[in-house]
Every structure is written in structure tokens, then in C-alpha cells.
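Single-letter residue listing:
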Amino acid sequence: MNNREGSLEAPTRHPLDWKSPSFHDREDCFAELERVFDICHTCRRCVSLCNAFPTLFDLVDESATMEVDGVAKDDYGRVVDQCYLCDVCFMTKCPYVPPHEWNVDFPHLMLRAKAIQFKAGTPTKFRDKTLSATDRNGKLASIPIVVHAVNKMNRMPAARALMERGLGVHKSAWLPDFDSKTFRRTARKSADVPVRDGERSPGKVAIFSTCFVNYNEPGIGHDLASILAHNAIPYVLVAGEACCGMPKLELGDLDSVEKLKDKNIPTLAALAREGYAILAPIPSCALMFKQELPGMFPDDPEVQAVRDAMFDPFEYLLARRRDGLLREDFKVELGRVSYHVSCHLRVQNVGQKTREALALIPGTSINTVERCSGHAGTWGVKKEFHETALKIGRPVFRQMAEHPDGAPAWIASDCALAGHHIEQGMESLDNPAGPRLAHPITLLRIAYGLD
Ligand code: SF4
Ligand code: SF4
């Protein structure tokens, strides 16, 4: 069963003109917002995708003129705040994206407005900057003596109430644990096996671990390394890795994105030139290198080289399979799996490679749910957005519970954060036994029978 929305056509995207002075001109941005809002008001196709469009349409419908010209410019920010840059309206829904002459790029217009807001300063700037400092938070919170205190506080209602009041993090939102045994510190060294390049898949891999896997769920990284080892693919970890920059992009903090780009790209570009496939096990991080950085730095050949070498892990494994180089000696049946395709994987336009890989496992039936979970990085944990995030995710929670073959044994999402958000949402359904949550990479490792 496949629950999906939108079409599969890949639109053309213009580079983000963020270095030009007009990009940061408030009046110029208002004029473009008014133009695009007017097209959206007439079209209204995206009303069910997220809360940005209903917010816009309510503002229009409740205005004196019932047109966009009746909406106060100061209210435009209310629409912008509801967009978490999932890119789904651009990539799968909108018929007016370039090359159409109307040139509608709703997410990048929201990004422009966020960048202007960020420079001007917002009341939630401290909270937003704190949440998006994933590297710094991870380094601090994974110090052995600190980690237990942080994890304990995340579960203490009193501490969470304080955190909600002081920091604006919703007291009921799921927050990740930190792990003092970070992935990058504890990853097993690759065996010295020969490189077997395939026609579609380089024979050696560089793992860009991502902040979340490194500091929060190192098991996903270890599982990926085990799968590569099982398939005799030598791997290295990317040296000196920093955050990919997606959390900063979502704030509109483009200068910080550039600083992080400058930290990561030289090393990654060297690996790309040496013929490595670079794997990032979190879709948002892979997307950053595949689409957002190339769009922000279209004339930087190193950024473009990294784009060409970057793979989603399952995209890579399926390319390996097409090259006849993937082992299919699965030992463990998974049973019923409800699998969620995250937005930032959908918009990579690589097809449903995770589903295809899980479908290779005998005794496994997959219920695929292709719709926004509402979590959206740090957006869904913020006090003012968490309830909306749960509302957006409700159809996903229901569809994940409704595996056509019976109650699912497993739930999985390529986006580990979305997976936890879905698990939290499903707890409110009438489903007391509850399926187990696991990342698809972990499911593949289990199916191989690897420790
Ligand atoms: S990018 Fe995503 S969150 Fe933003 S307006 Fe489009 S569908 Fe909504
Ligand atoms: S983004 Fe495109 S499809 Fe969506 S409401 Fe606006 S014009 Fe319509």
C-alpha cells in the first residue's frame, strides 16, 4: 500500500541569489511575497501540506477585500513562521515552479523572508540559535559527567516545564538523549578490503556521520558501518566533520551556513575527488549537500563535486545492487513494517530506495506512508509549533498504524527525528501494544543477522 501526494516531476530551481543586496531588501521581499501569495490564493492546491498555506488563506479570507492586497504586510511573517522548508510544495505539488513563467519558489521565498527576519532579530532568537547549535550542544551534552544530567532533565516534567518557560521548548515534545560514546569516537575501523567500483556505485565510502547520529543515536552509524563491512565495502569517517548547516538554514542564518560550508567542503571535496561515495544517514543533511549548498554557491566547483558524490545510504546500496555487488543473504524476517518517507528524502528525487531495499527481505511486508510527519527538524519541538506539528502528523500516525496486513511490528522513517515524532503521535492512538521504532538502516542490519 502506498499513501502519497503530489507528482514526481523534478522542477528546475534557480540559484539562491542571497549575496545580492536586493535579496535582503525588506520592501523588495514584500513585493515578491505579495506576488506569490496572490498566485497561491488563486490556486490553493497546497492547503493540506502544512500550516503555512492555511494561515495565508485565512488571512486573505478574513481581510476586508478578501484578496491579498487586504492583508497587512506585517502579517506576512505569520505565514513565514509556519514554513519549515520541507520543500514538498516546490518539488511535488506546484505547477508554477520554474521553468513556468510565474516562477513560484515558495520555500526559497520563505527562506529569503526568514533571512531578513533573522538579520533584523526576532524575540525567539536565543532559543532558535541554541536549538540549531547542534554541534556545540552535542559536544557539551555528551561529556560523560554531563550526559546523565541532561538526559534525566529531558525526562523530568518539572525541568521540562522550566525549559518551556525559559527556552520555549514545548514540555511534551520528544527530545533526543545524548550518548557519551559518540559514533565518531567509537566507530569500528574498516577492514582492509579491496575497492570494487561498480558502474553506478563507487567501491569505497566516506561516512558523514551527522550531528544526530554522532551525538544522539550512534547505533545508526554503527549499523551502517556493519552493513558496509558485510558487503565488503571499505569505509572511512569524514575527518573534522561539522554540522551540515541545515538547522541554521531553517532559521535563515545564511552567514552561519556559509561558515559551516567552509569547514566541511574542503575535506568532502577531497574525498569526492579521490572517488569516495559520501553517505549521510540523515536525509536533511544529505539534502543540504545535494541541493541547498549547490543552490547557494552555484559557482563553487568543490560544492558541486560534493553534491555529485553525496548519497542517501539506501540510494547507494540500491546502486550497489544494480551493479551486482549487494549481498542479499538475509537471515531474519521483519514481518509487518510501516515505513515513512520523510520530506527531505522525497525531495531528493531518488525514488523509494529504502522501501525497495526493505522489500528484498523475505517475510517482510511494507506499508509505505509518504506524507509530512510535521516534525521538521527543530520546528516541531518549539512551544508555539508543537501542537501544530502533531496536527500535521495526525494522518501519518493513523496511516502508519493501519498496515494492510495487520498491526505493524515495526515503524521506521529515514528521518530519525520524524520517527520519534511519529512514535509519540501513535501513542495517542488506540494501539496499546505499539510497534517498535527502528531506523531503516537498523532494520537492514537486523535482517542481515549482524550484531
Ligand atoms: S516548504 Fe514545506 S512547510 Fe514550507 S510552505 Fe512548502 S510545504 Fe509548507
Ligand atoms: S505553491 Fe504553487 S501549488 Fe502551492 S498554492 Fe502556491 S501556486 Fe498553488
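Everything numeric here is computed off the predicted structure, so don't read it as measured data.

Comments concerning the overall build of the protein
Step number 1: A count of helices and strands for the protein gives 22 helices and nine strands.
Step number 2: Radius of gyration (C-alpha) of the protein: 22 Å, near the 22 Å computed for a compact globule of 451 residues.
Step number 3: Taken over 451 residues, the protein has a buried fraction of 47%.
Step number 4: Considering only contacts in the protein between residues 6 or more positions apart, those separated by 24 or more positions represent 78%.

Details of the site of ligand 2
Step number 1: Every one of the 13 residues lining ligand 2 counts as a neighbour, but Cys40, Cys43, Arg45, Cys46 and Cys94 are closest to it.
Step number 2: For the shell around ligand 2, the elements supplying multiple residues, two or more each, are helix 1 (26–43) and helix 4 (88–93).
Step number 3: At three residues, the largest contribution of residues to the shell around ligand 2 is made by helix 1.
Step number 4: Residues of the shell around ligand 2, tallied by class, amount to ten nonpolar, no polar and three charged.

A look at the nonpolar core
Step number 1: By size, the foremost hydrophobic cluster in this structure holds 121 residues, and its most contacted members are Val205, Ile207, Ile278, Leu279, Ala280 and Leu443.
Step number 2: In this structure valine 205 touches Leu228, Ile233, Tyr235, Tyr276, Ala277 and Leu279, once residues within four positions along its chain are discounted.

Some thoughts on unusual backbone geometry
Step number 1: In the segment running from proline 98 into proline 99, the intervening peptide bond is cis, with an omega of 15 degrees.
Step number 2: Within the fold, proline 99 resides in the loop between helix 4 and helix 5 (106–120).
Step number 3: A positive phi is found at arginine 44, a non-glycine position, where the angle reads about 65 degrees.
Step number 4: Residue position: arginine 44 is located in the loop between helix 1 and helix 2 (52–61).
Step number 5: Take arginine 44: there are 13 C-beta atoms within 10 Å of it, and that puts it in the partly exposed class.
Step number 6: One non-glycine residue, aspartate 87, lies in the positive phi region at around 80 degrees.
Step number 7: Its place among the elements puts aspartate 87 in the loop between helix 3 (76–82) and helix 4.

Thoughts on the pairing of strand 8 (residues 410–413)
Step number 1: Where burial is concerned, the two faces of strand 8 agree: the one with Trp410 and Ala412 and the one with Ile411 and Ser413 are both buried.
Step number 2: Bridging between strand 6 (residues 335–340) and strand 8 involves four bridges; their strand directions are parallel. When the sheet's bridge partners are listed, histidine 340 is paired in strand 8 with serine 413.
Step number 3: The sheet contact formed by strand 8 and strand 9 (residues 436–437) spans two bridges and is parallel. Looking at strand 9, one finds that isoleucine 411 is bridged to leucine 437.

Structural notes on the site of ligand 1
Step number 1: In the vicinity of ligand 1, 13 residues are found, and the nearest of them are Cys50, Cys83, Cys86, Cys89 and Pro107.
Step number 2: For the shell around ligand 1, the secondary-structure elements that each account for two or more residues are helix 4 and helix 5.
Step number 3: If you tally residues by element for the shell around ligand 1, the top one is helix 5, at three residues.
Step number 4: Each residue belonging to the shell around ligand 1 can be placed in one class, and the counts come to twelve nonpolar, no polar and one charged.

Regarding the sheet that holds strand 5 (residues 310–311)
Step number 1: An order of 3-2-4-5 is seen for the four strands of this open sheet, with the pairing classed as parallel. Each edge of the open sheet is held by one strand with a lone partner, namely strand 3 (235–237) and strand 5.
Step number 2: Where strand 2 (residues 205–207) and strand 4 (residues 277–279) come together, three bridges link them in parallel fashion. Bridged to isoleucine 207 within strand 4 is leucine 279.
Step number 3: Contacting strand 2, strand 3 and strand 4, helix 12 (residues 218–230) crosses the sheet at an angle of about 170 degrees to strand 2.

Reading guide: rules and limits
- Residues numbered from 1 in each chain as written.
- Chains lettered and ligands numbered in written order.
- Predicted model: local features only at pLDDT ≥ 70, side-chain atom pairs only at ≥ 80, totals over all residues.
- Helix = DSSP H or I, 4+ residues; strand = E, 2+ residues; numbered from the N terminus.
- Rg over C-alpha atoms; globule rule 2.2 N^0.38 Å.
- Buried ≥ 20, exposed ≤ 12 C-beta atoms within 10 Å, placed from the backbone.
- Contact = placed C-beta atoms within 7 Å.
- Near = placed C-beta within 6 Å.
- Nonpolar A, V, L, I, M, F, W, Y, C, P; charged D, E, K, R; others polar.
- Core = buried A, V, L, I, M, F, W, Y, C linked by C-beta atoms within 7 Å.
- Pairing = 2+ DSSP bridges.
- Axes fitted to C-alpha atoms, helices over the stretch in contact; angles between N-to-C directions.

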